[in-house]
Amino acid sequence: MSLSDIIVLNVGGTRFETTRATLVSQPDSMLAKMFDPDSPLVPAKPKDDAYFLDRDPETFSLILSFLRSGEIFVDSKMVLNKLSHEAKFYQLQGLEAKIQEIEAKNVSGQDILNKLSQIVTKIDALEENRVSVIEKISVSGWSTLQDQTY
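To keep things clear, this report deals only with the structure shown in the data block. (Residues numbered from 1 in each chain as written. Predicted model: local features only at pLDDT ≥ 70, side-chain atom pairs only at ≥ 80, totals over all residues. Heavy atoms only, no water.)

**As for unusual backbone geometry**
Comment: phi is negative for the bulk of residues other than glycine, and the bulk of peptide bonds are trans. For Asp49, which is not glycine, the phi dihedral falls at a positive 65°. Within the element layout of this structure, Asp49 appears in the loop between helix 2 (30–35) and strand 3 (51–53). Phi at Gln91 takes a positive value of approximately 60°, unusual for a residue other than glycine. The residue Gln91 is located in the loop between helix 4 (77–89) and helix 5 (93–149) in this model. Classification of Gln91 as partly exposed rests on a relative accessible area of 34%. (Helix = DSSP H or I, 4+ residues; strand = E, 2+ residues; numbered from the N terminus. Buried < 20%, exposed > 50% of the residue type's maximum accessible area, 1.4 Å probe, protein only.)

Below, the structure is given as structure tokens:
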């Protein structure tokens, strides 16, 4: 057994192929413990040349991408929540940290939106005040102009 071995997984009915090196890239994870040649914890024997994992294949695809690249790409909060749940299951601390980093950025993004909303409200109030001042000047200026003509 070597790190360059191709491992075939059946995750929730979907077939995945990856290297042993990818699966053991997070040394403290359950996947590393299952597929590290030196680990006493071994997965169940493969059926039809694939190790079966009864988990969500869509989320597992994201996990493999993270193990390969160190990055995650999700397009919704729901997917991020599912990924967080699976990261805990597989004990992928690096992935959990990356998810927390993304969630912190999302909170920061919401803070920015809140500040922008406050600024827009203040601008609206200033515009209303400006219109009011112009109206007062116009009315008082008109009165003064009328007084001078008559």
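The rest of the description comes next.
**Regarding helix 4**
With 13 residues, helix 4 extends 18 Å between its outermost C-alpha atoms, agreeing within 8% with the 18 Å of an ideal straight helix rising 1.5 Å per residue. What helix 4 keeps buried is the set Leu80, Leu83, Ser84, Glu86 and Ala87. Directly after helix 4, the chain includes Gln91, whose backbone phi takes a positive value near 60°. (Expected span 1.5 Å × (residues − 1).)

**Some words on the pattern of salt bridges**
Side-chain pairing between opposite charges can occur once the charged atoms of the two side chains come close. On inspection of all chains with the given rule, the structure shows six salt bridges. Across the pair Lys98 and Glu71 runs a salt bridge, and its minimum N-O distance is 3.5 Å. Note that Lys98 is positioned in helix 5 and Glu71 in the loop between helix 3 (57–69) and helix 4, a separation of 27 residues in sequence. When the shortest N-O distance is used, the salt bridge between Lys77 and Glu103 registers 3.5 Å. Taken together, the residues span a long stretch of sequence, with Lys77 in helix 4 and Glu103 in helix 5 at a distance of 26 residues. A relative accessible area of 48% means that Lys77 is categorised as partly exposed. (Salt bridge = Lys/Arg side-chain N within 4 Å of Asp/Glu carboxyl O.)

**Quick word on the side chain of Thr18**
Residue placement: Thr18 occurs in strand 2 (residues 14–19). Overall, the relative accessible area of 5% leaves Thr18 in the buried class. Only 3.5 Å separates the side chain of Thr18 from the side chain of Arg68, close enough to count as a polar contact. Setting aside its immediate chain neighbours within four residues, Thr18 contacts Asp5, Ile6, Ile7, Leu23, Leu64 and Arg68. (Polar contact = N/O pair within 3.5 Å; in protein donor to acceptor, adjacent residues only side chain to side chain. Contact = heavy atoms within 4.5 Å.)

**Considering the sheet that holds strand 2**
Reading across from one edge, 2-1-3 is the order of the three strands in this open sheet, with mixed pairing throughout. Only two strands of the sheet have a single neighbouring strand rather than two, namely strand 2 and strand 3. Across the sheet, the axes of successive neighbouring strands diverge by a mean angle of 30°, strand direction being ignored. In this sheet, strand 3 lies alongside strand 1 (residues 6–11) in parallel orientation, the contact comprising three bridges. Residue Asn10 lies in a different strand from strand 3, and its bridge partner there is Phe52. Sitting on the sheet, helix 3 is in contact with strand 1, strand 2 and strand 3, with an inclination near 10° to strand 2. (Pairing = 2+ DSSP bridges. Axes fitted to C-alpha atoms, helices over the stretch in contact; angles between N-to-C directions.)

**Topic: the pairing of strand 1**
Residues in a regular strand point their side chains to alternate faces of the sheet. Here six bridges tie strand 1 to strand 2, and the two strands are oriented antiparallel to one another. By the bridge assignment for strand 2, Ile6 is matched with Thr19.

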